[in-house]
Amino acid sequence: MTITYAHNTGLRMNKVSIIIFAAIAALLGVMSHDRNLVWMDAVSLWKDIAEKSPSKSRAQYNLGVAYKDAGNMPLAARALIEAVRLDPNSPEARNNLGNVYFVSGMFEEAAAQYKVAVTLFTENAEAHYNLALIYRSQGRYGEAAAHFEKFADYAGPEYGLEAASARRFVKEYGATQ
């Protein structure tokens, strides 16, 4: 009788273990599904992170870039303005906020952000290029040439075509600075 009792207790323990395991597996499955929704795209990922870390400029910056890449300029501007508020010395945040303003047709606001970006980091090739584009569109060719020249000097190899075009512009219009 003792053997049978031990055998039955073992069966009951196996059934309890299986039920507990199944419940845990179901719970983890639901949690994984919920997290997968967060990781569905860059906006949902960075929105989740920014909500959990509202005082982190990097989270706001990445959320702004994700909104920009998704084409939502108003929300991109809001997140990037917050990133700049949290870290006013971030040339990347300044440059990307300038890009959002540029795409939105707010050229003076864009130029102001690009100027701060190149002041914070003189070798910021992208900000020099963006500032040069604005100056060129305004007919300020000497100032455009100065920034195209700096862009060409600081640009990495991934900007080969743009750097060559910038050098041609500088050759034609000359740099004033």
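Residues numbered from 1 in each chain as written. Predicted model: local features only at pLDDT ≥ 70, side-chain atom pairs only at ≥ 80, totals over all residues. Heavy atoms only, no water.

Enquirer: Can you tell me about the packing of helix H3 (residues 57–69) against helix H4 (residues 73–86), naming the residues and giving the values?
Expert: Working note: a packed helix pair is described by the angle between its axes plus the distance between those axes. One can describe the packing of H3 onto H4 by two numbers: an axis separation of 8 Å at closest approach and a directional angle of 160°. In terms of orientation, H3 and H4 fall into the roughly antiparallel class. Remark: the crossing between H3 and H4 carries left-handed chirality. Contact residues: H3 offers Ser57, Gln60, Tyr61, Leu63, Gly64, Val65, Tyr67 and Lys68, while H4 offers Met73, Leu75, Ala76, Ala79, Leu80, Glu82, Ala83 and Leu86. By residue class, the composition of the contact of H3 with H4 is 11 nonpolar, three polar and two charged. (Axes fitted to C-alpha atoms, helices over the stretch in contact; angles between N-to-C directions. Helix = DSSP H or I, 4+ residues; strand = E, 2+ residues; numbered from the N terminus. Parallel < 35°, antiparallel > 145°, perpendicular 65-115°, else oblique. Left-handed = near helix turned anticlockwise from the far one by under 90°. Contact = heavy atoms within 4.5 Å. Nonpolar A, V, L, I, M, F, W, Y, C, P; charged D, E, K, R; others polar.)

Enquirer: Go over the confidence of the model for the chain, please, and point to the residues and values.
Expert: With 81% of its residues at a pLDDT of 70 or more, the chain has an overall mean of 88. Counting contacts from residues 1–6, a segment whose pLDDT is below 50, to residues more than four positions away or on other chains yields zero contacts. (pLDDT = per-residue confidence, 0-100.)

Enquirer: Before we move on, could you go through a nonpolar patch on the surface and cite the residues and values that matter?
Expert: On the surface, Val16, Ile20 and Ile24 cluster together into a nonpolar patch covering about 260 Å² of accessible area. Relative to the elements of secondary structure, Val16 occurs in helix H1 (residues 2–38). Assessed through its relative accessible area of 43%, Val16 is described here as partly exposed. (Patch = residues over 30% accessible without salt bridge, like charges linked within 9 Å, V, L, I, M, F, W, Y side chains within 5 Å. Areas by Shrake-Rupley, 256 points an atom, 1.4 Å probe, with all protein chains shown as cover. Salt bridge = Lys/Arg side-chain N within 4 Å of Asp/Glu carboxyl O. Buried < 20%, exposed > 50% of the residue type's maximum accessible area, 1.4 Å probe, protein only.)

Enquirer: Help me get a handle on the pattern of salt bridges, residues and values and all.
Expert: Under the defined criterion, the tally for this structure stands at four salt bridges. Of the charged contacts, one joins Asp69 and Lys68 as a salt bridge, the two residues approaching to 3.7 Å between their closest N and O atoms. Assessed through its relative accessible area of 61%, Asp69 is described here as exposed.

Enquirer: How would you sum up the packing of helix H7 (residues 125–137) against helix H8 (residues 141–154)? Please name residues and give values.
Expert: Their axes nearest at 8 Å, the elements H7 and H8 cross at an angle of 160°. As summarised for this structure, H7 and H8 are arranged roughly antiparallel, according to the angle between their axes. Crossing hand, H7 versus H8: left-handed. On H8, the residues that touch Ala125, His128, Tyr129, Leu131, Ala132, Leu133, Tyr135 and Arg136 of H7 are Tyr141, Glu143, Ala144, His147, Phe148, Lys150, Phe151 and Tyr154.

Enquirer: Provide a residue-level description of the packing of aromatic side chains, including the pertinent values.
Expert: The relative placement of two aromatic rings is captured by the distance of their centres and the angle of their planes. The tally for this structure, following the rule as stated, stands at eight aromatic pairs. Aromatic side chains Tyr141 and Tyr173 sit 4.7 Å apart centroid to centroid with 25° between the ring planes, which places their arrangement in the stacked category. Placement of Tyr141 in helix H8 and of Tyr173 in helix H9 (residues 160–173) is noted, with a sequence separation of 32 residues between them. In this structure Tyr141 comes out as partly exposed when scored by relative accessible area, which is 35%. Members of the aromatic cluster, each reached through a chain of ring pairs, are Tyr129, Tyr141, Phe148, Phe151, Tyr159, Phe169 and Tyr173. (Phe/Tyr/Trp six-rings, centres within 6.5 Å; stacked < 30°, edge-to-face > 60°.)

Enquirer: Tell me about the environment of Ala163, and please be specific about residues and values.
Expert: Locating Ala163 in the fold gives a position in helix H9. Considering only alpha carbons, one finds Ala163 and Lys150, 13 residues apart in sequence, at a separation of 9.6 Å. Apart from the residues within four sequence positions on either side, Ala163 is in contact with Phe151 and Ala152.

Enquirer: Could you give an account of helix H5 (residues 91–103), naming the residues involved and the relevant values?
Expert: Under the 1.5 Å per step criterion, the end-to-end length of H5 is 18 Å for 13 residues, consistent within 8% with the ideal 18 Å. Taken across its 13 residues, H5 has 10 buried, putting it largely inside the fold. The set of residues buried in H5 consists of Pro91, Ala93, Arg94, Asn95, Asn96, Leu97, Gly98, Asn99, Val100 and Tyr101. Tucked into the core, H5 has its buried residues touching H3, H4, helix H6 (107–120) and H7. (Expected span 1.5 Å × (residues − 1).)

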